[in-house]
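Close look at the chain arrangement
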Amino acid sequence: MPAPHSRSDRSYALWAAVITAVGALLAALITKYGLPSFSSDASDRSSARHDGGVPDAFLGQWRGDVTEEGVRPSVYAAAVSITEAGPGGEAGGIEYTAPGLLCKGVLVLQEVGDDRRTITLGEEIRSGRCVPRGRITLTAGAERHVTFFYTGKRHDGTLQVVRGELDKGA
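My aim in this report is to walk through the structure given alongside it, one point at a time. Just so it is clear, the model here is predicted, and its values are computed rather than measured.

**Some details on the overall build of the protein chain**
Looking only at helices and strands, the protein chain features two helices and eight strands. Counting from the amino terminus, helix and strand elements in the protein chain follow one another as α-α-β-β-β-β-β-β-β-β. Out of the 170 residues belonging to the protein chain, those deemed buried represent 34%. Relative to all contacts within the protein chain whose residues are 6 or more apart in sequence, the contacts with residues 24 or more apart total 43%. As displayed, the protein chain has an accessible area near 10100 Å², and 55% of this comes from carbon and sulfur atoms.

Structure (structure tokens):
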């Protein structure tokens, strides 16, 4: 005769279902947005679509709050500085701050959208406890406003997604 199901058996089944659902969600995000790629290899840069350097609409200082998606969303203050750069060139810097957190890094221009209203930047964190590499897409909105979208691979291999709105000179 089989043993009766214990409470721990039901907890195990619940956790297995939760882990399966989270895995499916991560797979869908990776399928839709892809994993970030950051490379200083010239062949990677030359294959990127671009239309010259950083469009004027993105130049300057941008600030705002960005939110890391997840079970416990985290909010960070982000400060982005964008300078003139050609494809593959250093296009500025980034700083994330929150209580107990300060990370600083550089941004490399990877791609300029065909309509010049979107730029994609490789992010390399040089100080702090943040994910060391990621990919940021900035999309121009109303004057003095951009949408921020970040993807990166955490130390444990899971996908990190951060979104927010930044204002120029704020």
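Next, the rest of the story.
**Quick notes on the layout of surface pockets**
Think of a ball as big as a water molecule: rolled over the atoms, this probe shows where empty space is left. Approximately 320 Å³ is the volume attributed to the second largest pocket. Looking at the second largest pocket, it is lined by 13 residues, and the ones nearest its centre are E68, Y76, C130, V131 and Q160.

**Overview of the sheet that holds strand β6 (residues 133-140)**
Around the barrel, eight strands lie side by side as β1-β2-β3-β4-β5-β6-β7-β8; this closed barrel has antiparallel pairing. Shown here is a sheet whose adjacent strand axes are inclined to one another by a mean of 30 degrees, direction ignored. In the sheet, strand β5 (residues 118-127) pairs with β6 via seven bridges, with the strands oriented antiparallel. Across the sheet, E124 pairs through a bridge with R133, a residue of β6.

**Focus on the nonpolar core**
In terms of nonpolar packing, the biggest core is built from 31 residues, with I82, Y96, L121, I136, L138, F148 and L166 touching the most fellow members. Contributing elements (two or more residues each) for this core: β1 (60-68), β2 (74-82), β3 (90-98), β4 (101-112), β5, β6, β7 (145-153) and β8 (159-168).

**Description of the pairing of β1**
Pairing geometry for β1 and β2, over nine bridges, is antiparallel. Along β2, the bridge assignment pairs W62 with V80. In this sheet, β8 lies alongside β1 in antiparallel orientation, the contact comprising five bridges. Counterpart to W62 in the pairing with β8 is K168.

**Quick look at the environment of T83**
On the secondary structure map, T83 appears in the loop between β2 and β3. A relative accessible area of 37% places T83 in the partly exposed class. For the pair T83 and D56, spaced 27 residues apart in the sequence, the C-alpha separation amounts to 9.2 Å. Ignoring any residue separated from it by four or fewer positions in sequence, one finds T83 in contact with V54, L59, E90, A91 and G92.

**Side note on the pattern of salt bridges**
This model, assessed by the stated rule, comprises six salt bridges. Salt-bridge contacts for R126 lead to E124; the nearest nitrogen and oxygen are separated by 3.6 Å. Here the salt bridges do not stand alone but share partners, grouping E124, R126 and R133 into one network.

**Some thoughts on the environment of R154**
Checked against the element boundaries, R154 lands in the loop between β7 and β8. The spacing of R154 and G134 is 20 residues in sequence and 9.3 Å in space, taken between C-alpha atoms. A distance of 2.8 Å separates the side chain of R154 from the side chain of E68, its partner in a polar contact. A distance of 2.8 Å separates a polar atom in the side chain of R154 from the backbone oxygen of L159.

**Some thoughts on the state of the cysteines**
A complete count under the given rule lists one disulfide for this structure. Across the disulfide from C103 sits C130; the S-S distance is 2.1 Å. Between C103 and C130, the disulfide has an S-S torsion of 95 degrees and is therefore right-handed. Linking C103 in strand β4 with C130 in the loop between β5 and β6, this pair joins segments that are 27 residues apart in sequence.

Cut-offs and rules
- Residues numbered from 1 in each chain as written.
- Predicted model: local features only at pLDDT ≥ 70, side-chain atom pairs only at ≥ 80, totals over all residues.
- Heavy atoms only, no water.
- Helix = DSSP H or I, 4+ residues; strand = E, 2+ residues; numbered from the N terminus.
- Buried < 20%, exposed > 50% of the residue type's maximum accessible area, 1.4 Å probe, protein only.
- Contact = heavy atoms within 4.5 Å.
- Areas by Shrake-Rupley, 256 points an atom, 1.4 Å probe, with all protein chains shown as cover.
- 1 Å grid on protein atoms, 1.4 Å probe; cavity = no way out; pocket = protein on both sides within 12 Å on 5 of 7 lines; lining within 4 Å.
- Points joined across faces, edges and corners; volume = space filled by probe spheres on them.
- Pairing = 2+ DSSP bridges.
- Axes fitted to C-alpha atoms, helices over the stretch in contact; angles between N-to-C directions.
- Core = buried A, V, L, I, M, F, W, Y, C linked by side-chain atoms within 4.5 Å.
- Salt bridge = Lys/Arg side-chain N within 4 Å of Asp/Glu carboxyl O.
- Polar contact = N/O pair within 3.5 Å; in protein donor to acceptor, adjacent residues only side chain to side chain.
- Disulfide = S-S within 2.5 Å.

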